[in-house]
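# Per-entry structural report
One-letter residues, chain by chain:
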Amino acid sequence: MPDKGHKYGEGGESMIQKLEAKKMVITGDHAAAYAALLADVEVVAAYPITPQTLIVEDFATFVDDGITDAEFIMVESEHSAMSAVIGSEAAGARSFTATSSQGLALMHEMLPIASGLHLPIVMPVVNRTVAAPIGIWCEYNDMMPQRDTGWMQMYSEDNQEVLDMVIMGYKIAENHDVLLPIMMGLDAFILSHTVEPVEAPSSDEVADFLPPYKPIAVLDPDNPMAIGTFTPPEYIQELRYQTHRCMKNARKVIYDVTKEFASKFGRNYHGLIEEYETDDAEVILITMGTVTGTARDVVDAYRKQGKKVGLIKLRFFRPFPAEELRKALQNAEVIGVFDRAVSYGVGGPAWIDVKSALYGFDKPVLNFLAGIGGRDIVRGDVEKMFDIMLDAKNGKAKKEIVWINTRGVEE
Amino acid sequence: MNLNDLPEDEYFTSGHTACPGCVAPIIVRNMMKILGKNTVVYTPANCLLVFGGTYPYIAWKVPYFHEAFENTGSSISGAARAFKKKRKDVTVVGIAGDGGTYDIGIQALSGAAERNEDVIYVCYDNEAYMNTGIQRSGSTPYGASTTTTPPGKKIPGKLEHKKDMAEIMRAHEVPYVATMSVSHIADFLRKVEKAKKIKGFRYLHVFSPCPTGWRFDPSKSIEIARKAVDSGMWTLYEAEYGEIMDIYKPKKKIPVEEYIKGQGRFRHFTPEMIEELQKWVDKKWERLYGEKP
């Protein structure tokens, strides 16, 4: 990567106290806040919303305890949170925010502005139900509708992945071949408020992995430029193409960054998808987020019974790993896609994209809608998904779209 | 500062596409001469975005950015905090219209004022949504004709009076609030100069007659701005931390009838409507000057 960025302003270091590598037992929200601290963010703007609140509270504690001298703007809404981090990022500062559900919906207008201006903002989103009816528990109907805003989006399986992804997120987003913002989902309460052991690298190790942000276009009185102009049709189509290309470029960068991260920190996330027991699998379930852990257990148990089942964890939803899925699924006989969101009248958003990626494959692609509105997904639910897929392998598929554990709906 | 002492430097240049007689570029050009090179400007959606910030014909000679409509207060907060963090001495200015200030932008503006962000917020007030084609705003005066308050057979124009935005901002007890008019240019320049020197949140509210939207002869913009002040429709004052430190009182108060004359937006006014507007002005006068007109 040639060093073509803009060196701007003094320093860039916010962290006042060095942090040692340590093992902590922390919530997903704390992991997100701590990772932002390790990433040495310069400006944070955020508004509290359940279940994201612990992230802003933790970061406020870091600021008030003098661990960082990052600027923390306690704005009056999520719309202003995103507006402020767009402003700070445009002024050349590594910026951070976090939200959930209704807050993300309120931000929606600003999301394509962040990506359109190529500002590599990093934003954990605690995935929560969107109203109506109002609920605070896990669902992906908040993040899925942001699919086409030009943000990269990925979903985490555990708190370790949350911490690692915030650090990797900056490295991916700030790459000059990408320069797109990224949101990383973490399941409401299941991760956000549940403690797990997490290994945190030292601030020196992170600084070595993640150099200071070097913007290309920046608000600088010594080199004035206009950012976000009123733009006629002669120019916008090319800009849309550029963003499209950046999203495509991101795929390779994600592989490179996860590989480098693995070599430095010993945890390998394998890029956009993670395969589990897929080599000889006849049926493969595609999962996202925390249900992946349960599904791994079920795969292990079924394998012991001689059933050839496998699992793919869909980490990134944008960029969408279409080629990876085609390759990983070429020998499967039945494919199932788990969705924690619904595109009304069609099916789950992940299923829609998987089907599109597998165009021309002559094999059933089933959709399992489960855990919606925060309903628990228990082991039996995942077993049911595999059982339905195994039935389908024997030509006994009843339905393409299956609502798991839904009152009044036949499975 | 006198007009004669104004620097020759231009940071908002000619060649922009504002309508003839538009006051907004007069405000911006003169303001920028004082604010100078180390300034970053934000505009939300407004006429100024279009006539000064259309790619590739940008009128700005300082860094300039735009995000959306309702977020001037938060966008400039973000930029200003980044400069603070980087220890760069940059004046961050947001220039919004009345729609972007009184209506859709009031939440972000109030938030930034309450946090006492180190920024200058400018409202150029042309009393309606001019950029979208003259629709009413919270700033539109009573009775005025706009495309969404057309004087009809049943309803004779806008039914409500103008909201007092500067007073709302004064209630935030920020370091500086000033109301201004380019018809009183020495006062205008002095207030910009003063605002530049103050740290913290500064709110400058400038009256901005609009020949296209108000339907008057474009050569009369300054004259109409002066009549607004002389009639009491627009009052020039400055406040520090919520307290009015200086207020301009016209030597001779003219009736509102004289102000509205020649403005097409008031052409349908009946004597009763004139009386209603006059009553509003007199009440405002009494509140601000502490005496009956």
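See the structure shown above.
Every chain is numbered on its own, with residues counted from 1 as its sequence reads. The order in which chains are written sets their letters, starting at A; the order in which ligands are written sets their numbers, starting at 1. Totals for whole chains, interfaces and linings use all residues, but because this is a predicted model, local features are given only for residues with pLDDT of at least 70 and pairs of side-chain atoms are given and counted only at 80 or more. To get the side-chain values, all heavy atoms of the structure are used, and hydrogens and water are removed first.

## Digging into the sheet that holds strand E17 (residues 401-403) of chain A
Residues and elements named next belong to chain A.
- One open sheet holds the six strands; their spatial order is E11-E13-E12-E15-E16-E17, and the pairing between them is mixed. Among the strands making up the open sheet, the edge pair consists of strand E11 (273-276) and E17. Taken pair by pair, the neighbouring strands of this sheet meet at an average axis angle of 20°, ignoring direction.
- Contacts from helix H11 (residues 349-357) reach strand E12 (283-287), strand E13 (309-314), strand E15 (334-339), strand E16 (365-369) and E17, with the element oriented near 145° to E15. By definition, two strands form a pair when at least two bridges between them are found by DSSP. Helix and strand definitions here come from DSSP, where helices need a minimum of 4 consecutive H or I residues and strands a minimum of 2 consecutive E residues; each element is numbered from the N-terminal end. Lines fitted to C-alpha atoms define the axes, with helix axes restricted to the stretch in contact, and inter-axis angles between N-to-C directions lie between 0 and 180 degrees. Pairs of residues are marked as contacts when any of their non-hydrogen atoms sit within 4.5 Å.

## Considerations on the pattern of salt bridges
- Should a side-chain nitrogen of Lys or Arg be within 4 Å of a carboxyl oxygen of Asp or Glu, the pair is scored as a salt bridge. With the rule as written, the count across this model stands at 58 salt bridges over all chains.
- Among the salt bridges present, the one from Lys88 of chain B reaches Asp220 of chain A, with a minimum N-O distance of 3.7 Å. Of this pair, Lys88 of chain B sits in the loop between helix H3 (72-85) and strand E5 (91-97) while Asp220 of chain A sits in the loop between helix H7 (203-209) and strand E10 (226-227), which puts the two residues in different chains.
- The rule is simple: take the accessible area with a 1.4 Å probe, protein chains only, and divide by the maximum for that residue type; under 20% is buried, over 50% is exposed, in between is partly exposed. Overall, Lys88 of chain B belongs to the partly exposed group, its relative accessible area being 23%.

## Section: the interface of chain B and chain A
- Every contact between the two is made by 39 residues of chain B and, on the other side, 44 residues of chain A.
- Joining two parts hides part of their accessible area as seen by a 1.4 Å probe, and the buried area is that hidden amount summed over both. Across the interface of chain B and chain A, roughly 3300 Å² is buried in total on both sides, 59% from carbon and sulfur atoms.
- Linking chain B with chain A are eight salt bridges, by the criterion used here.
- One salt bridge connects Asp69 of chain A with Arg87 of chain B, and the closest N-O pair in it is separated by 3.8 Å.
- Between N or O atoms, a polar contact is any pair within 3.5 Å; within protein, one atom must be a potential hydrogen donor and the other a potential acceptor, and residues adjacent in sequence are included only when both atoms are from side chains. Linking chain B with chain A are 17 residue pairs in polar contact (both at pLDDT 80 or more), by the criterion used here.
- Elements supplying a minimum of two residues to the side of chain B that touches chain A: helix H2 (47-52), strand E2 (53-54), strand E4 (64-65), H3 and helix H5 (106-114) of chain B.
- For the side of chain B that touches chain A, the element with the most residues is H3 of chain B, which contributes ten residues.
- Three classes are used, and their members are as follows: Ala, Val, Leu, Ile, Met, Phe, Trp, Tyr, Cys and Pro are nonpolar, Asp, Glu, Lys and Arg are charged, and the others, Gly among them, are polar. Classifying every residue of the side of chain B that touches chain A by side-chain character gives 16 nonpolar, eleven polar and twelve charged.
- Bridge count between E10 of chain A and E4 of chain B: two bridges; the pairing is parallel. Bridge assignment links Ile227 of chain A to a residue of E4 of chain B, and that residue is Phe65 of chain B.

## Quick word on unusual backbone geometry
- Cis geometry marks the peptide bond from Ala131 of chain A to Ala132 of chain A, where omega comes out at 0°.
- The residue after Tyr55 of chain B, namely Pro56 of chain B, is reached through a cis peptide bond having omega 0°.
- Tracing the backbone through its elements, the reader meets Pro56 of chain B in the loop between E2 and strand E3 (57-58).
- The phi angle at Ser101 of chain A is positive, at roughly 40°, despite the residue not being glycine.
- Note that Ser101 of chain A resides in helix H4 (residues 101-107).
- Since its relative accessible area comes to 0%, Ser101 of chain A is described here as buried.

## What to know about the nonpolar core
- Counting residues in hydrophobic clusters, the biggest one holds 168 residues, and the most contacted among them are Met82 of chain A together with Phe201 and Tyr203 of chain B.
- Of the residues forming this core, the biggest block, nine residues, is contributed by helix H6 (residues 159-173) of chain A.
- Segmentation of the chain into domains, including their bounds, is taken from an automatic or database domain assignment. When residues of this core are assigned to domains, at least three map to each of domain 1 (22-265) and domain 2 (273-403) of chain A.
- Apart from residues lying up to four places away in sequence, Met82 of chain A is in contact with Thr97, Met107, Met110, Leu111, Ala114, Ile121, Met123 and Trp151 of chain A.
- Residues belong to a common nonpolar core when they are buried Ala, Val, Leu, Ile, Met, Phe, Trp, Tyr or Cys residues joined through side-chain atoms within 4.5 Å. In this structure, Val23, Trp60, Ile95 and Val206 of chain B belong to the second largest nonpolar core, which totals 37 residues.

## Let's talk about helix H9 (residues 221-231) of chain B
Residue and element names in this part refer to chain B.
- Every buried residue of H9 is listed here: Ser221, Ile224, Ala225, Ala228, Val229, Asp230 and Ser231.
- Close packing links the buried residues of H9 with strand E7 (176-181), strand E8 (202-207), helix H8 (211-214), helix H10 (256-260) and helix H11 (271-289).
- Downstream of H9 by one or two residues, Gly232 has phi in the positive range, about 90°.

## A closer look at helix H9 (residues 291-304) of chain A
Residues and elements named next belong to chain A.
- For a helix, the expected span equals 1.5 Å multiplied by the residue count minus one. For H9, with 14 residues, the first-to-last C-alpha span of 20 Å sits near the 20 Å given by 1.5 Å per residue.
- Those residues of H9 that are buried lie in contact with E11, E12, E13, E15 and helix H12 (379-393).
- Gly306, located one to two residues past H9, shows a positive phi value of around 85°.

So far we have only geometry, and geometry alone does not tell us how the molecule works.
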